[in-house]
Amino acid sequence: MPKNGSVLIIGAGIVGMKAGLMLAGASKKVHLVEKLPIIGGKVIKNEESFPNMECSTCMVAPVQQEVLQNPNIETYTYSDVESLSGSKGCYEVVIRRKARYISLVNCIGCGMCYDPCPVSIPNMWEENLMDMKAVYVPTAGSLPNVPVIDSSKCLHLNGTQECNLCVESCVFDAIDLNDSDEVVTVEVEAVLIASGSGLFDLSALPNLGYGDLSAVYSPLEFERLFASNGPTQGELTLRGSDISPERIAIIHCAGRSEVGYCSTVCCMYSFKFVRFLLHKLPEARIYDLYLDICVPGKSYQNFFTTLGEGSTTMLFTPSLEDVCVTESDSALRISYPDTSGESRELDVDMVILTAAIVPDSDLPELARIAGVELDKFGFIKRTDEGSGSTETTKAGIFAAGTVTGPGDIQRSVIQGESAAGQIMELMSTIDGEKV
Ligand SMILES: Cc1cc2nc3c(=O)[nH]c(=O)nc-3n(C[C@H](O)[C@H](O)[C@H](O)COP(=O)(O)OP(=O)(O)OC[C@H]3O[C@@H](n4cnc5c(N)ncnc54)[C@H](O)[C@@H]3O)c2cc1C
Ligand code: SF4
Ligand code: SF4
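Definitions and limits used
Residues numbered from 1 in each chain as written. Chains lettered and ligands numbered in written order. Predicted model: local features only at pLDDT ≥ 70, side-chain atom pairs only at ≥ 80, totals over all residues. Helix = DSSP H or I, 4+ residues; strand = E, 2+ residues; numbered from the N terminus. Rg over C-alpha atoms; globule rule 2.2 N^0.38 Å. Buried ≥ 20, exposed ≤ 12 C-beta atoms within 10 Å, placed from the backbone. Contact = placed C-beta atoms within 7 Å. Axes fitted to C-alpha atoms, helices over the stretch in contact; angles between N-to-C directions. Parallel < 35°, antiparallel > 145°, perpendicular 65-115°, else oblique. Left-handed = near helix turned anticlockwise from the far one by under 90°. Nonpolar A, V, L, I, M, F, W, Y, C, P; charged D, E, K, R; others polar. Near = placed C-beta within 6 Å. Domains from an automatic or database assignment. Pairing = 2+ DSSP bridges. Core = buried A, V, L, I, M, F, W, Y, C linked by C-beta atoms within 7 Å. Expected span 1.5 Å × (residues − 1). Arc of directions from axis to C-beta.

## Observations concerning the overall build of the chain
Okay, step 1: The secondary structure content of the chain amounts to nine helices and 24 strands.
Okay, step 2: Against the compact-globule benchmark of 22 Å for 435 residues, the chain has a radius of gyration of 23 Å, which places it among compact chains.
Okay, step 3: With respect to the three principal axes, the spread of C-alpha positions in the chain is 70 × 60 × 35 Å.
Okay, step 4: Buried positions account for 44% of the 435 residues belonging to the chain.
Okay, step 5: In the chain, once contacts between residues fewer than 6 apart in sequence are set aside, the share between residues at least 24 apart is 68%.

## A closer look at the packing of helix α1 (residues 14-25) against helix α2 (residues 56-69)
For any two helices packed against each other, one specifies the inter-axial angle together with the distance between the axes.
Okay, step 1: Where α1 contacts α2, the axes come no closer than 10 Å and their chain directions differ by 50°. The pairing of α1 with α2 is recorded here as oblique in orientation. Considering the relative orientation of α1 and α2, their crossing is left-handed. Within the contact between the two elements, α1 uses Ile14, Met17, Lys18, Gly20 and Leu21 and α2 uses Val60, Val63, Gln64, Glu66 and Val67.
Okay, step 2: Grouping the amino acids of the contact of α1 with α2 by side-chain chemistry returns six nonpolar, two polar and two charged.

## Considerations on the environment of Thr160
Okay, step 1: Looking at the element boundaries, Thr160 is found in the loop between β11 (148-149) and α3 (165-169).
Okay, step 2: The spacing of Thr160 and Ile250 is 90 residues in sequence and 45 Å in space, taken between C-alpha atoms.

## Things to note about the site of ligand 3
Okay, step 1: Around ligand 3, the structure places 14 residues, and the nearest of them are Cys117, Cys154, His156, Cys163 and Cys166.
Okay, step 2: When the residues that make up the shell around ligand 3 are grouped by side-chain class, the tally is twelve nonpolar, two polar and no charged.

## Observations concerning the domain arrangement of the chain
Think of interface size as the accessible area that goes away when the parts come together; that is how it is often given.
Okay, step 1: Domain annotation of the chain identifies domain 1 (6-98 + 181-196 + 360-429) and domain 2 (200-356).
Okay, step 2: Its C-alpha centre places domain 1 at a distance of 31 Å from the equivalent point of domain 2.
Okay, step 3: If you look at the interface, domain 1 gives ten residues, while domain 2 gives 19 residues.
Okay, step 4: Counted by class, the side of domain 1 that touches domain 2 contains five nonpolar, two polar and three charged residues.

## What about the sheet that holds strand β7 (residues 90-97)?
Okay, step 1: Strands sit in the order β6-β7-β12 across an open sheet of three strands; the sheet is antiparallel. The open sheet has two edge strands with one neighbour each: β6 (79-87) and β12 (182-188). Taken pair by pair, the neighbouring strands of this sheet meet at an average axis angle of 20°, ignoring direction.

## Describing the sheet that holds strand β19 (residues 324-327)
Okay, step 1: Strand order in the open sheet formed by three strands is β19-β20-β21, and the pairing between neighbours is antiparallel. The outermost strands of the open sheet, each flanked by one partner alone, are β19 and β21 (343-348). Across the sheet, the mean angle separating the axes of adjacent strands is 25° when strand polarity is ignored.
Okay, step 2: Here strand β20 (residues 332-337) pairs with β21 via six bridges, running antiparallel. Residue pairing across strands places Arg333 opposite Asp347, the latter belonging to β21.

## Considering the nonpolar core
Side chains of a nonpolar character, in soluble globular proteins, are inclined to be buried together.
Okay, step 1: Counting 54 residues, the largest nonpolar core has Val191, Leu192 and Ile193 as the members making the most contacts within it.
Okay, step 2: Looking at this core element by element, the count peaks at seven residues for α1.
Okay, step 3: Excluding its chain neighbours within four sequence positions, the residues that come into contact with Val191 are Leu8, Leu84, Tyr91, Ala370, Gly396, Ile397 and Phe398.
Okay, step 4: Formed by 47 residues, the second largest nonpolar core is a distinct cluster that contains Leu202, Val216, Ala249 and Ala254.

## A short note on the site of ligand 1
Okay, step 1: The environment of ligand 1 is made up of 38 residues, and the closest members are Gly11, Gly13, Gly41, Gly196 and Gly401.
Okay, step 2: At the level of elements, α1, α4 (219-226), α6 (266-280) and α9 (409-429) are the ones that each hand at least two residues to the shell around ligand 1.
Okay, step 3: Within the shell around ligand 1, the residues separate by chemical class into 15 nonpolar, 14 polar and nine charged.
Okay, step 4: Two domains each donate at least three residues to the shell around ligand 1, and these are domain 1 (6-98 + 181-196 + 360-429) and domain 2 (200-356).

## Points about α2
One full turn of an α-helix is made of 3.6 residues, so residues set three or four places apart face in the same direction.
Okay, step 1: Compared with the 20 Å implied by 1.5 Å per residue over 14 residues, the 20 Å span of α2 between its first and last C-alpha is a close match.
Okay, step 2: For α2, the set of buried residues is Ser56, Thr57, Val60, Val63, Gln64 and Val67. All buried residues of α2 project into a common sector of 140° when viewed along the axis, lining one side. Relative to its buried face, α2 has exposed residues pointing more than 90 degrees away, namely Cys58, Pro62, Gln65 and Gln69.
Okay, step 3: Residues of α2 that are buried in the fold lie against α1, β2 (29-33), β3 (48-49), β4 (54-55) and β5 (73-76).

Spelled out as structure tokens, the structure:
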């Protein structure tokens, strides 16, 4: 295959987008594949990001726009990499663009097709805190702002009923219920995997009540609850009610001993949540129940220190396994051993669990397709992690961001830019004979 200056990036989170822009800026052709109908990754779930408490959407939206408008970047949303074959400098990639049923060209994102749809389903992007229609955009402010139709839930597409209501409501003729998947084959010189991570399954810790007790929240649920473009428009009310909590406990390190590592960002986002709570519910009493605190470096230490005296009550427990959340008359009761091992009780209205960051559930399959190895924790293995290299165990395939392990935005983006640099270096040495 002749040199074609092309790169495949898998995952359009902050890492994939930033690395893509860097490569596109160096005149490389970037094929950016994202499994969701929108780009942006997890950062756009946050109202604000630590350590500077910047508005996350304001930070990411210009990057999303630049990616979508860059002539050197071909973005494949709602798409999967089906196969990846070849070797360093010469990979053939098969990408499946799933049928969206809505034209990315004709749709203007007016939203007129949503209301007429008779089907309501839980919105997973919004952490199931609200419903959406079978024709939907995952969240307000989605980019691209073009809906998709869930073919398994749509009455027309699953053959339940001859429904045509969304088509009739669209004056732009943007909906085609006969749309089908498109399979595209591209050739690239290098690959960057930037497909992010997942969260520890909190229901595996039954002592903490997640899944059974409605007032126990995962961190991403809390992010969406706080977000002004989220399910409650930022009203901090308890699930299924319009009551705001008055006593909130954040339990740190949920799943840490099970996964066997510190996830590095949980303490920081916990203290971000304290700031959020103080901002919206200034009268609330906040507790942080912890075994360990991780706020490394100058800015993180400062973020913690400047929370201020009395903002949260720090409660140490030597054993998270012995912490138990149950229902009490007043709301939730947390039993925990204190420093001396004595059993204590705390009554609160809301519990937020800071879940460990784990490999995405799709990662083993993606690693199989790409032919790269995983490390002992299930993240993508880098050959020389100590030196900061982003090379995987397969030559010409790189990995960056939380797909390689937990990290904050800054670490992830630096890794993505480093990968872009390594890819450019690799491409400059490929000359048809050497590969
Ligand atoms: C609750 C919480 C709060 C946080 N708050 C902050 C904060 O305030 N400040 C901060 O610095 N950091 C914060 N972080 C960390 C931050 O979210 C990460 O550093 C950042 O999201 C990493 O970006 P990424 O691009 O590596 O991954 P992601 O943001 O996860 O993006 C990965 C993208 O890849 C896509 N993808 C996945 N699999 C595939 C596939 N097989 N094919 C195609 N696409 C795929 C995903 O859909 C996604 O769009 C927080 C993390 C959590 C869990
Ligand atoms: S498909 Fe049509 S009605 Fe629906 S958002 Fe797009 S332009 Fe509007
Ligand atoms: S055709 Fe499907 S998506 Fe459109 S309105 Fe009917 S059920 Fe909803």
